[in-house]
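Chain residues, written in single-letter form:
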Amino acid sequence: MTSLLNIPQFKVIDYQFQSGIGIFLKIEKKDPKVQCPNCSKTTDKLHQNHRYVIRDLPFGDKQVYLQVNRRQIRCDGCGSKFSEELELVRKKRIYTERFKNKIIEEVLESDIRNVARRNGVSEQQIETMLKELAAGFVEEKPQGLKKLGIDEIAVVKGQKNYYVVLIDLEKRAIVGMVEKRTTAEVEQYVSSWGEEVLSQIEEVSIDLWKPYKKVIEKLMPQAEIVADRFHVMKQVNEELDTKRKEIKKQVEKLKNKAEREKGLLALKKSKYVLLKNEETLK
């Protein structure tokens, strides 16, 4: 179980399965000694236990919970008391850092509400994860950024409530996040990178939202603007389907029964034929 957990500093000392809930792993640090943050002396003198349960990456279709003890330690050297730092989980959080990263990756491909439902977490927890991520980018500017992608995370699909995500397309890494999708907010955030970063950007990939284009033309005039393929194809397919529906309505209005039935038969399942790639057509 320790090998499956794959957290080098910890070992599994007990585990149990709870039907309908998931797998609970009781873990503890392999090395009980920690360094005092005040005097740097190494100690393992326990003052108090603080045990709690946190979410971790799932195992197959089972949710995994870790029972962790964030010990309060008393230092023999200076007499101070402190809580040990645990790399796998931030203070006051009930999920591991790697679980948070998994959730954020899923949100980039979906929306907050659906990811919350699939993973058994609240929408508020996911928004906290995103805000933590955004806060981390404020402290440092992206380095060596040449190809920038501007994408969005929907709070709920179909509603106009988005987080704007800035991505280094070469490194496939998030380099920034804006909590509101407005021209002013995006422009203010991107401009904070400064001329040194912005002047090096060669390409920017965006969806077809015009305010993004205006921000790029203003702050990065040298950059080539590329329309994201997904959004281009989405618009092409929507317009193609609109035309298909118009033709179907015309056929349905035909007075000649034989012609009408022949036309409707020809259009049957045409939506899916139009969406297929050429190489997969019969």
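Just above, that's the structure.
Residue positions are given per chain, counting from 1 as you read along its sequence in written order. pLDDT decides what is reported in this predicted model: residues at 70 or higher carry local features, side-chain atom pairs at 80 or more are listed and counted, and totals for whole chains, interfaces and linings draw on all residues regardless. Water and hydrogen atoms play no part in the side-chain values, which are based on all heavy atoms of the structure.

### As for the sheet that holds strand 11 (residues 162–168)
- Pairing between strands is defined by DSSP: at least two bridges between them are needed. Helix and strand assignments come from DSSP, with helices taken as H or I runs of at least 4 residues and strands as E runs of at least 2, each series counted from the N terminus. Across the sheet, five strands lie side by side as 12-11-10-13-14; this open sheet has mixed pairing. Of all strands in the sheet, those bounded by a partner on one side alone are strand 12 (173–178) and strand 14 (224–227). Within the sheet, the average angular offset between the axes of one strand and its neighbour, ignoring direction, is 25°.
- When strand 11 meets strand 12, the two strands line up antiparallel, connected through five bridges. What sits directly across from valine 165, in strand 12, is methionine 177. Here, axes are lines fitted to C-alpha atoms. For helices the fit covers the stretch in contact, and angles between N-to-C directions go from 0 to 180 degrees.

### Quick look at the pairing of strand 13 (residues 203–206)
- Sheet topology places strand 10 (residues 147–154) next to strand 13; three bridges connect them, and they run parallel. Counterpart to glycine 149 in the pairing with strand 13 is serine 205.
- Where strand 13 meets strand 14, four bridges bridge the pair, whose relative direction is parallel. Bridge assignment links isoleucine 206 to a residue of strand 14, and that residue is alanine 227.
- Whether a crossover is right-handed depends on one test, that the path from the first strand over the helix to the second runs clockwise when the strands point away from the viewer. Taking the sense of rotation as the criterion, the β-α-β connection linking strand 13, helix 7 (residues 210–219) and strand 14 turns out right-handed.

### A look at the pattern of salt bridges
- Salt bridge, as used here: a side-chain nitrogen of Lys or Arg that lies within 4 Å of a carboxyl oxygen of Asp or Glu. For the structure on display, the rule yields 18 salt bridges.
- Among the ionic pairs, lysine 100 bridges to glutamate 97, the shortest N-O distance being 3.2 Å. Of the two residues, lysine 100 and glutamate 97 are both situated in helix 2 (residues 97–109); the distance of three residues between them amounts to about one turn of the helix.
- Partly exposed describes any residue whose relative accessible area lies between the buried limit of under 20% and the exposed limit of over 50%, with all areas from a 1.4 Å probe on protein chains only and scaled to the type maximum. Residue classification places lysine 100 among the buried residues on the basis of a relative accessible area of 6%.

### Concerning the side chain of arginine 55
- With respect to the secondary-structure elements, arginine 55 resides in strand 6 (residues 51–59).
- Of the side chains bearing the opposite charge, aspartate 56 lies closest to the buried arginine 55, which forms no salt bridge; the N-O distance is 8.3 Å.
- Should any heavy atoms of two residues lie within 4.5 Å, those residues are counted as being in contact. In contact with arginine 55, other than residues within four places in its own chain, are Gln63, Val64, Tyr65, Ile94, Tyr95, Thr96, Phe99, Asn119, Gly120 and Val121. When charges are counted, neither His nor the chain ends are considered; positive counts come from Lys and Arg and negative counts from Asp and Glu.

### Observations regarding the sheet that holds strand 6
- Judged by pairing direction, the sheet is mixed, and its four strands sit side by side in the order 1-2-7-6 without closing on themselves. The open sheet is flanked by strand 1 (10–18) and strand 6, the only strands paired with a single partner. Direction aside, neighbouring strands of the sheet carry axes that sit 25° apart on average.
- Of the strand pairs in this sheet, strand 6 and strand 7 (residues 62–69) are connected by seven bridges, and their pairing is antiparallel. Bridge pairing in strand 7 places tyrosine 52 opposite valine 68.

### Details of a nonpolar patch on the surface
- Think of a patch as exposed residues, more than 30% relative accessible area, with no salt bridge, where like charges cluster within 9 Å and nonpolar side chains (Val, Leu, Ile, Met, Phe, Trp, Tyr) cluster within 5 Å. Areas reported as accessible are Shrake-Rupley estimates using a 1.4 Å probe. Residue values count occlusion only from the protein chains shown. A contiguous nonpolar surface patch, about 570 Å² in accessible area, is contributed by Met1, Leu4, Tyr15, Phe17 and Phe59.
- Position of methionine 1 among the secondary structure elements: in the segment before helix 1 (2–5).
- For methionine 1, a relative accessible area of 39% puts it in the partly exposed group.

### What to know about the layout of surface pockets
- In the cavity and pocket records, a cavity denotes points on a 1 Å grid over the protein atoms alone where a 1.4 Å probe fits but cannot get out, a pocket denotes an open set with protein on both sides within 12 Å along at least 5 of 7 lines, and lining residues are residues with an atom within 4 Å of a point. Grid points are joined across faces, edges and corners, and a volume is the space filled by probe spheres set on the points. Its volume calculated, the second largest pocket comes out at about 280 Å³.
- If you trace the second largest pocket, you find 17 residues lining it, with Ile27, Glu28, Lys29, Asn69 and Arg71 closest to the centre.
- Taken together, the elements giving at least two residues each to the lining of the second largest pocket come down to strand 1, strand 2 (22–29), strand 6 and strand 7.
- Broken down by element, the residue count for the lining of the second largest pocket peaks at four residues, all from strand 2.
- For the lining of the second largest pocket, the residue count by class is six nonpolar, three polar and eight charged. We call Asp, Glu, Lys and Arg charged. Ala, Val, Leu, Ile, Met, Phe, Trp, Tyr, Cys and Pro are nonpolar, and the rest, Gly among them, are polar.

### Re the packing of aromatic side chains
- Centres within 6.5 Å make a pair out of two Phe, Tyr or Trp rings, where for Trp the six-membered ring is used; the pair is then stacked when the planes are under 30 degrees apart, edge-to-face when over 60, and tilted otherwise. Summed over the entire model, instances satisfying the criterion amount to four aromatic pairs.
- Relative to tryptophan 193, the ring of tyrosine 189 has its centre 6.3 Å away and its plane inclined at 75°; by these criteria the two rings are edge-to-face. With respect to burial, tyrosine 189 and tryptophan 193 carry one shared label: buried.
- Look at NZ for Lys and CZ for Arg. If either is within 6 Å of the ring centre and within 35 degrees of the ring normal, a charge sits over the ring. Positioned above the aromatic ring of tryptophan 209, the side-chain terminus of arginine 181 is 4.2 Å from the ring centre.

### With respect to unusual backbone geometry
- A positive phi is found at serine 40, a non-glycine position, where the angle reads about 70°.
- Of note, serine 40 is situated in the loop between strand 3 (34–35) and strand 4 (42–43).

Distances and angles like these do not, on their own, reveal function.
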